[in-house]
Amino acid sequence: MQALKSDPLGAPFSAGTGRASVNVPAGACDCHVHVYDSRYAAVPGARLTPPDASVADYRLLQRRTGTDRVVFVTPSTYGADNGAMREALAAFGDRARGVTVIDEQTDPAELRALHDIGVRGIRFNLSLGAHPPAASLRPMAERIAPQGWHLQLLAPPDTLLALAPVLRDLPVALVFDHFGRIAPADAGRHAAHALVLDLLCEGRAWVKLSGGYIVSPTHRTDDAALDALARSYLQAAPHRVVWGSDWPHATASAGRHPMPDDAVQVDALARWCGDEETLHRVLVDNPAALYGFTPAGPVSLS
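Overview of the structure. Small disclaimer: the values here were computed from a predicted structure and weren't measured.

Further remarks concern the packing of aromatic side chains. This structure, assessed with the given rule, holds nine aromatic pairs. Here the aromatic rings of Y58 and W247 are separated by 5.5 Å at their centres, their planes lie at 55 degrees, and the arrangement is tilted. Residue Y58 is located in helix 1 (residues 55–65), and its partner W247 is located in the loop between strand 8 (241–243) and helix 10 (250–253); the two are separated by 189 residues in the primary sequence. Overall, Y58 belongs to the buried group, its relative accessible area being 0%. Residue W247 is classed as buried on the basis of its relative accessible area, which comes to 0%. Ring geometry for F72 versus F92: centroids 5.5 Å apart, planes at 65 degrees, classification edge-to-face.

In structure tokens:
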């Protein structure tokens, strides 16, 4: 892959000022981004309440990563209030998709309205906030099945194992974010890693190579320990893997680890993929299939 000249480009909530050093294909999608806006109240007991991070801030980041498309995910901070995510979708138009959080009060008309603005899935965060609760997995999956949506799940490995019978029998596709929350040392050792690989190979699930610094023992984006874990997914089911920056890195704002360099994250992905064809698949083809993007056209990020 041809290297690109580094330019001094900064973006809020991201370390470094250079561009990714690889050519990123047109239509590349960052499949895991949050926006934060203090006009929307955090739910009681929210464990992450980062500073405001706007669409305008994120557009600056795209100049460094080279991505064009984006998937906005409602963070645990807001519970089932999707207001900030909805505004982000409106700002990006057809180059964005959304993953929402719903509850028992979300009616079919609201689901249809969310679909019309680009939402393609719901998220269960059983690591932070536990909302919605695990007992709602199947009922919620049944509610979104008519929309053709997926269910995105963040849960510790032991929780994944406990939920295995449910996960194998859901009527919608699963998406595991943040490497399935599998630590690099558990690759090939923890039964949850085998479960995720099985579901990928069976065509029942996808995995996001996002938040590597969360599962890394050193909490760094360039941790070589992530290489084998990432490649385990890419080798098992390259057509079921997508990538996300996890910008604006709320856990870093909370002081849990250094602020990641998102250009370095893109470079790490290119290293894991190993060739341009696989990188194109992960950044363009797979997100198009999962989120329903139209074929990529020429873009300008200047």
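Now, onward.
Attention shifts here to the pattern of salt bridges. Pairing between side chains becomes possible if they bear opposite charge and their charged atoms approach one another. Taken as a whole and assessed by the stated rule, the structure comprises 13 salt bridges. R123 serves as the salt-bridge partner of D177, at 2.9 Å between the closest nitrogen and oxygen. Residue D177 is located in the loop between strand 6 (174–176) and helix 7 (191–201), and its partner R123 is located in strand 4 (residues 119–125); the two are separated by 54 residues in the primary sequence. Side by side, D177 and R123 carry an identical accessibility label, which is buried.

This next bit is on the pairing of strand 3 (residues 96–100). With respect to burial, strand 3 is a largely interior element, five of its five residues being buried. Here four bridges tie strand 2 (residues 69–73) to strand 3, and the two strands are oriented parallel to one another. Paired with V70 across the strands is A96, a residue of strand 3. With helix 2 (residues 83–92) bridging strand 2 and its parallel neighbour strand 3, the resulting β-α-β unit is right-handed.

Summarising the element assignment, D186 is placed in the loop between strand 6 and helix 7. D186 gets classed as partly exposed once you look at its relative accessible area, which sits at 26%. C-alpha separation for the pair D186 and V73, spaced 113 residues apart in sequence, amounts to 27 Å.

With that settled, the discussion passes to a negative patch on the surface. A contiguous patch of negative charge, built from D275, E276, E277 and D285, is present on the exposed surface. Along the chain, E276 turns up in helix 12 (residues 276–291).

The next point concerns the packing of helix 9 (residues 226–236) against helix 11 (residues 262–273). The N-to-C vectors of helix 9 and helix 11 enclose an angle of 60 degrees; their axes lie 9 Å apart at closest approach. One finds that helix 9 runs oblique with respect to helix 11. The handedness of the crossing between helix 9 and helix 11 comes out as right-handed. Side by side, helix 9 and helix 11 meet where L226, D227, A230, R231 and L234 of the first sit next to R271, W272 and C273 of the second. Class assignment of the residues belonging to the contact of helix 9 with helix 11 gives a composition of five nonpolar, no polar and three charged.

Time to look at the environment of E104. Examined against the element boundaries, E104 turns out to sit in the loop between strand 3 and helix 3 (108–116). The class for E104 is exposed, based on a relative accessible area of 52%. In this structure, the C-alpha to C-alpha distance between E104 and P139, residues 35 residues apart in sequence, is 9.6 Å.

The next point concerns unusual backbone geometry. Cis rather than trans, the peptide bond between W247 and P248 has omega equal to 10 degrees. Here P248 lies in the loop between strand 8 and helix 10. Even without a glycine there, the phi angle at F13 is positive, about 60 degrees. Even without being a glycine, R181 presents a positive backbone phi close to 60 degrees. Within the fold, R181 resides in the loop between strand 6 and helix 7.

Calculation notes
Residues numbered from 1 in each chain as written. Predicted model: local features only at pLDDT ≥ 70, side-chain atom pairs only at ≥ 80, totals over all residues. Heavy atoms only, no water. Phe/Tyr/Trp six-rings, centres within 6.5 Å; stacked < 30°, edge-to-face > 60°. Helix = DSSP H or I, 4+ residues; strand = E, 2+ residues; numbered from the N terminus. Buried < 20%, exposed > 50% of the residue type's maximum accessible area, 1.4 Å probe, protein only. Salt bridge = Lys/Arg side-chain N within 4 Å of Asp/Glu carboxyl O. Pairing = 2+ DSSP bridges. Right-handed = clockwise from strand over helix to strand, strands pointing away. Patch = residues over 30% accessible without salt bridge, like charges linked within 9 Å, V, L, I, M, F, W, Y side chains within 5 Å. Areas by Shrake-Rupley, 256 points an atom, 1.4 Å probe, with all protein chains shown as cover. Lys, Arg positive; Asp, Glu negative; His and termini not counted. Charge placed at Lys NZ, Arg CZ, Asp CG, Glu CD. Axes fitted to C-alpha atoms, helices over the stretch in contact; angles between N-to-C directions. Parallel < 35°, antiparallel > 145°, perpendicular 65-115°, else oblique. Left-handed = near helix turned anticlockwise from the far one by under 90°. Contact = heavy atoms within 4.5 Å. Nonpolar A, V, L, I, M, F, W, Y, C, P; charged D, E, K, R; others polar.

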